[in-house]
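# Observations on chain architecture
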Amino acid sequence: MGKGHEPSSPKRLRRDTPNSWSELPLDLLTSLFERLSFANFQRAKSVCSSWHSASRQSVPIQIPWLILFPEEDNNNNNSCTLFNPEEKGKVYKTKDLGVEFAKSVCTATYGSWLLMRDPPYNLYILNLFTRERINLPPFESQLGMTKIERTIDDQFRISPHYNGREYHKRIRIQSPVFWIDEKTKDYVVIWGLGSLCVVYSKKGDKCWNQIPESSHCHHMVYKDHKLYLSKSNYKYEFRIFDFSREIPQQTFQGCVIMQGLTLNHHPGQPGYPFSTIDTKLVVTVTGDVLKVDRIVERNTRICRFFDVYKVYSSVSYKKYEKVESLGNEAILLDLGITMLANDIVGLEKNSIYFSGTHTKSEVINDTFIFSLETQKMDLVHKFDCSSAQLSSARRFLPSFTQT
C-alpha cells in the first residue's frame, strides 16, 4: 500500500473531515442541486459558501404546494398556511403579511407571488416569502373605448358608449393571470373586465391597456410569454397572443365551445341529466391547449366527472379531439397547466387536481383529484378547515430570488 493510501496519511484525513464537503466539484454540486425540491434546495444552499455559490447555477425541482387562506373573521388572518406535499403532515405559517392583506382577496398566483385585490379595488402583487409588494396602476386608468369612473364612495361606473349613450355595468374581474421575473421584476398582469374587454399592464406602465376586440372573455392562461384566451359569446372564439414583444400580437384564432353543454347520459355514469358548470383552458408541457369541462349532476349540483378535449396542437396547429389519457402528465386546474407526474413531484399521472367546493352530504372546501383512468374523485388533503379557520386553498409553485 502506497503512502497516499495509508490510513494516517494527510489525504485520507482530509477526505474524512467536514471541510471536504465544501470542496466537492462544481459539476457534482450542480447535479445534486438540480435533483432537489424547493425545501431541500433552500436547506442545502445554506451548508457553506461553496454550496451557496453552486446553488446559483441551478434551479430546484418545482413541486406544487398548497396555500390555504384564512377566513375573514379569523383573528390571525394576516398570514397563510402553507403545505408542502414532500413533508406530509407538516405545515408552515407565513410571516405577518400586513393589515391590508387581511382585507384583500387573492385572485391569482405565479411562483411565490400573489395577485391581490383590496376592497377599494386596488390591485397589487405580493411575494409570500419576502413580503415584497408591487402596486399596480389604478383600476380606473384604462386606455381604450371602455371607461371606468371611480365614484365618491369608492364604487365604479363603467361607461362604454353606444349610439352616443352611456350605460353602467357591475364591475367584475374575469380570469386574472400574471407573470413576473424573479430577478428583474419585469411583469405583466392581465384580466378581463367582465364581458367588455381584456386589459393588461407591464412594468413601467401607468395605466391598463386594452386588447382590441377582446370582449366576452371567459378564461385565460398565461405561459411562456403567450396569452391563451377563450371567449364565451356566440362565436366561441379561442385566441393566442404573443406577449414577448412590446405590443402583444395575435398569432392564432380558432373556435371552441366553452360552456353550456347539457347531457342526458354519459358513458360510464348513471342515467342522470348532467350540465357543464365550468370550462377552463389548460396548456400542456408541450404547448398544446386542452379544454377541461367540469360536469355536474343537474339536480344535486354534485361534481361527477371531467371531460377533456384537445383544442389546439402546437404541432398540427388545429386539432379538436377528446383526450382519453394525459399519459405521464397531470392537470393543475388552478394554474391552467400540466406537469410531468412522478413520485418526486407528488402528483399522480393521468389525473386532474383542482380546488373548490364539492357538495355531497356536506359542503367541503378543499382540494380534489379526479382520475381519468378510473373516473373517480377523491380528496387530496383532508384538512380540517373548520378548526384551521381556512376559507379556500390554491396550488402554487414556490420560487425565490437567488442572492
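None of the values given here were measured: they were computed from a predicted structure.

## Focus on the overall build of the protein chain
Helix and strand counts for the protein chain stand at six helices and 31 strands. Here the protein chain, with 403 residues, has 50% of them falling under the buried criterion. Only carbon and sulfur atoms are counted for the fraction: they give 50% of the accessible area of the protein chain, which is about 21,300 Å².

## Side note on the pattern of salt bridges
This model, assessed by the stated rule, comprises seven salt bridges. The partner of D186 in a salt bridge is K203, and the shortest N-O contact between them spans 3.8 Å. Placement of the pair is D186 in the loop between strand 13 (173–180) and strand 14 (187–193) and K203 in the loop between strand 15 (197–202) and strand 16 (208–211), with a sequence separation of 17 residues. For D288, the salt bridge goes to K310, with nearest N and O atoms at 3.6 Å. Placement of D288 in the loop between strand 22 (274–283) and strand 23 (289–297) and of K310 in strand 24 (residues 303–312) is noted, with a sequence separation of 22 residues between them.

## Quick word on the sheet that holds strand 7 (residues 133–135)
By way of backbone hydrogen bonds, the strands of a sheet pair with one another, either parallel or antiparallel. Across the sheet, four strands lie side by side as 4-5-6-7; this open sheet has antiparallel pairing. Since the sheet does not close on itself, it has two edges, and those belong to strand 4 (105–110) and strand 7, each with one partner. Neighbour-to-neighbour, the strand axes of the sheet open up by a mean angle of 25 degrees, direction not taken into account. Here strand 6 (residues 123–127) pairs with strand 7 via three bridges, running antiparallel. If you follow Y124 over to strand 7, its bridge partner there is N135.

## Details of the nonpolar core
In this structure, I125, L136, F139, F178, V189 and W191 are the most contacted members of the largest nonpolar core, which totals 22 residues. Among the elements of the structure, strand 5 (113–117), strand 6, strand 13, strand 14 and strand 15 are those that each provide at least two residues to this core. Ranked by size, the runner-up nonpolar core spans 19 residues in total, among them I295, I331, F370 and M377.

## Remarks on the sheet that holds strand 14
Ordered by their spatial adjacency, five strands build an open sheet running 8-16-15-14-13, and the pairing between neighbours is mixed. Every interior strand has two partners, whereas the edge strands, strand 8 (142–143) and strand 13, have only one. Inspection of the sheet shows strand 15 paired to strand 16 by three bridges, in the antiparallel sense. Pairing of V198 across the sheet is with I211, part of strand 16.

## A closer look at the packing of aromatic side chains
By convention here, two paired aromatic rings are described through the distance between centres and the angle between planes. The full count for this structure, using the stated rule, is 13 aromatic pairs. Ring centres of F139 and W191 lie 4.8 Å apart, and the angle between their planes is 15 degrees; on these two criteria the pair is classed as stacked. Residue F139 is located in the loop between strand 7 and strand 8, and its partner W191 is located in strand 14; the two are separated by 52 residues in the primary sequence. Exposure remark for F139: the relative accessible area of 1% places this residue in the buried category.

## Considering the side chain of H219
If you trace the backbone, H219 turns up in strand 17 (residues 217–223). Using a relative accessible area of 11% as the deciding quantity, one classes H219 as buried. Polar side-chain contacts of H219 include one of 2.9 Å to the backbone nitrogen of L281. Excluding anything up to four places from it in sequence, H219 contacts S175, Y228, L229, S230, T279, K280 and L281.

## Here we look at the confidence of the model for the protein chain
The predicted coordinates should not be examined in detail at positions where pLDDT is low. Per-residue pLDDT for the protein chain averages 77, and the proportion of residues at 70 or more is 73%. In this model residues 359–364 is a low-confidence stretch, pLDDT under 50, and it forms eight contacts with partners more than four residues away in sequence or in other chains. Per-residue pLDDT stays below 50 along residues 384–390; that stretch engages in 13 contacts with residues further than four places along the chain or on separate chains.

## A short note on the state of the cysteines
Considering all chains together, one arrives at zero disulfides under this definition. Here C106 stays unpaired: no disulfide links it, and the sulfur of C80, its closest cysteine neighbor, is 7.9 Å away. No disulfide involves C197; its sulfur sits 9.7 Å from the nearest other cysteine sulfur, which is in C217. Taking relative accessible area as the criterion, C197 reaches 5% and is therefore assigned buried.

Criteria and cut-off values
Residue positions are given per chain, counting from 1 as you read along its sequence in written order. It should be noted that, the model being predicted, local features are given only for residues of pLDDT at least 70 and side-chain atom pairs only at 80 or more, the latter also being counted only at that level, while totals for whole chains, interfaces and linings use all residues. Side-chain metrics rest on all non-hydrogen atoms present in the structure, leaving aside hydrogens and water. A run of H or I in DSSP becomes a helix once it reaches four residues, and a run of E becomes a strand once it reaches two; helices and strands are each numbered from the N terminus. Burial here depends on accessible area, computed with a 1.4 Å probe over protein chains only, as a share of the maximum for the residue type. Under 20% is buried, over 50% is exposed, and the range in between is partly exposed. Only the protein chains shown count as cover for residues, with accessible areas throughout obtained via the Shrake-Rupley method and a probe of 1.4 Å. Throughout this description, the term salt bridge denotes a Lys or Arg side-chain nitrogen within 4 Å of a carboxyl oxygen of Asp or Glu. At least two DSSP bridges between two strands are needed for those strands to be called paired. Here the axes come from fitting lines to C-alpha atoms, over the contacting stretch only for helices, and the angles between their N-to-C directions go from 0 to 180 degrees. Among buried residues, the Ala, Val, Leu, Ile, Met, Phe, Trp, Tyr and Cys ones that are joined through side-chain atoms within 4.5 Å form a nonpolar core. Only rings of Phe, Tyr and Trp enter the pairing, Trp through its six-membered ring, and a pair is recorded when the two centres are within 6.5 Å. The plane angle decides the type: under 30 degrees is stacked, over 60 is edge-to-face, the rest tilted. Here a polar contact means two N or O atoms within 3.5 Å. Within protein one must be a hydrogen donor candidate and the other an acceptor candidate, and residues neighboring in sequence count only if both atoms are side-chain atoms. Only heavy atoms enter the contact rule, under which two residues are in contact if any of them lie within 4.5 Å. Along the chain, pLDDT gives the predictor's confidence residue by residue, from 0 to 100. Disulfide assignment relies on a single distance test, namely cysteine sulfur atoms paired within 2.5 Å.

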